[in-house]
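Spelled out from the first residue to the last, the chains are:
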Amino acid sequence: MKLKILTWNIHKGFDISNRRMIISEAREAMRATGADVIFLQEVQGEHQVFSKKYPDWPTSAQFEYLADTVWPHHAYGKNAVYDEGHHGNAILSKFPIVAWHNLDLTLHKKEMRGLLHAQILLPDSGKTLHLLSTHINLLHMHRVKQVERICSYIKEKVPTNDHMILAGDFNDWTKQLSGPLCSQLEMEEVFSKLHGQHAKTFPCFFPMLSLDRMYFRHMNPTEGKVLNTRPWVTLSDHLPLYAEIDV
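Residues numbered from 1 in each chain as written. Predicted model: local features only at pLDDT ≥ 70, side-chain atom pairs only at ≥ 80, totals over all residues. Heavy atoms only, no water.

Participant: Hey, could you run me through the overall build of the chain in this one?
Facilitator: Within the chain, the secondary structure is distributed over six helices and 12 strands. Its C-alpha radius of gyration of 17 Å places the chain within 12% of the 18 Å reference for a compact globule of 247 residues. By principal-axis analysis of the C-alpha atoms, the chain measures approximately 50 × 40 × 35 Å. By the burial criterion, 54% of the 247 residues in the chain qualify as buried. By sequence separation, contacts in the chain at least 24 residues apart represent 70% of the contacts at least 6 residues apart. Between the averaged position of the 27 positive side-chain charges in the chain and that of its 27 negative side-chain charges there is a distance of 3 Å. (Helix = DSSP H or I, 4+ residues; strand = E, 2+ residues; numbered from the N terminus. Rg over C-alpha atoms; globule rule 2.2 N^0.38 Å. Buried < 20%, exposed > 50% of the residue type's maximum accessible area, 1.4 Å probe, protein only. Contact = heavy atoms within 4.5 Å. Lys, Arg positive; Asp, Glu negative; His and termini not counted. Charge placed at Lys NZ, Arg CZ, Asp CG, Glu CD.)

In structure tokens:
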């Protein structure tokens, strides 16, 4: 079975200038990829000020608006909570989600982070696929602690023989996290395996930093690319990663 995977930090539905709301354009672009599963970061669950300021603000949460009828199964992990609303990570899936959990990775109030874990049953085979979407801190010493939590959680909650994809915005511009993640969890990173290096996704207009990743276990990636053409370069401050993986 071939799975089409997308991971993307959507910048709360705004372009890089934070002035133009692009959530409807993002939905159309996501649909065009034909992705089966989508990992999202910086998804706005609610914002009472923006919902009144922008006439085209969705009446539902952003993850529900983006999912619509194409990805009928979805999970949302509320991480950052403030007076106006909240945002976090989301997973959209064409396959039923049979269980999900949101792990708090927050180390201080200025960066409220999390790891969203959803389980789906792959059609025909009945095998469990674990999907994990995360967004971790800007400082390296904080990221190290959060990766330790992620590894501990996965070792406890995900059977070693089960298929798994861990994707998201790791803010790992120093490229020091893949070693611990891959060695402790017996994973590989899609772009490192296919192209010999992590993909550059930030900033969108001239990507220099490899912040976004896709790690996998017990599967075989056959394609991996950065979506770096229009409309993607005008949406968000990150470029999305797309991959096809044989299960």
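Participant: Is there a simple way to think about helix H4 (residues 140-157) in this case?
Facilitator: Since the α-helix turns once every 3.6 residues, residues separated by three or four places project in the same direction. With 18 residues, H4 should cover 26 Å at 1.5 Å per step; its first-to-last C-alpha distance of 25 Å lies within 8% of that length. For H4, the complete set of buried residues consists of His-142, Arg-143, Gln-146, Val-147, Ile-150, Cys-151, Tyr-153 and Ile-154. Next to the buried residues of H4 lie strand S5 (97-104), strand S6 (114-121), strand S7 (128-135), strand S8 (163-169) and helix H5 (178-185). (Expected span 1.5 Å × (residues − 1).)

Participant: What's the story with the packing of H4 against H5 in this structure? I'm lost.
Facilitator: Each pair of packed helices can be described by the angle between their axes along with the distance between the axes. Where H4 contacts H5, the two axes come as close as 10 Å, and the packing angle between them is 15°. Considering the angle they form, H4 stands roughly parallel to H5. Read as a crossing pair, H4 and H5 show a hand that is right-handed. Between H4, through Val-147, Cys-151, Ile-154 and Lys-155, and H5, the contact on the second element is made entirely by Pro-180, Leu-181, Gln-184 and Leu-185. Grouping the amino acids of the contact of H4 with H5 by side-chain chemistry returns six nonpolar, one polar and one charged. (Axes fitted to C-alpha atoms, helices over the stretch in contact; angles between N-to-C directions. Parallel < 35°, antiparallel > 145°, perpendicular 65-115°, else oblique. Left-handed = near helix turned anticlockwise from the far one by under 90°. Nonpolar A, V, L, I, M, F, W, Y, C, P; charged D, E, K, R; others polar.)

Participant: Explain H5 to me, please; I cannot follow it from the model alone.
Facilitator: Buried within H5 we find Ser-178, Leu-181 and Leu-185. The arc enclosing the buried residues of H5, seen along the axis, measures out at 80°, which places them on a common side. Contacts made by the buried residues of H5 are with H4, S8 and strand S10 (212-217). Downstream of H5 by a residue or two, Glu-186 has a phi angle that is positive, lying close to 55°. (Arc of directions from axis to C-beta.)

Participant: What is the right way to read the pairing of strand S1 (residues 2-9) from this model?
Facilitator: Extensive coverage of S1 is indicated by the burial of six of its eight residues. Here six bridges tie S1 to strand S12 (residues 241-246), and the two strands are oriented antiparallel to one another. From the neighbouring strand, Leu-6 faces S12, where its bridge partner is Tyr-242. In terms of strand pairing, S1 meets strand S2 (residues 37-47) through five bridges, oriented parallel. If you follow Ile-5 over to S2, its bridge partner there is Val-37. (Pairing = 2+ DSSP bridges.)

Participant: Explanation requested: the sheet that holds S12 in the structure shown.
Facilitator: Taken in spatial order, the six strands of this open sheet run S3-S4-S2-S1-S12-S11, and their pairing is mixed. Only two strands of the sheet have a single neighbouring strand rather than two, namely strand S3 (73-82) and strand S11 (220-226). Across the sheet, the mean angle separating the axes of adjacent strands is 25° when strand polarity is ignored. As defined by bridge partners, S3 adjoins strand S4 (residues 85-93) across nine bridges and the pair is classed as antiparallel. Looking at S4, one finds that Tyr-82 is bridged to Gly-85. Along the sheet face, helix H1 (residues 23-33) touches S1, S2, S4 and S12 and points at about 155° away from the line of S1.

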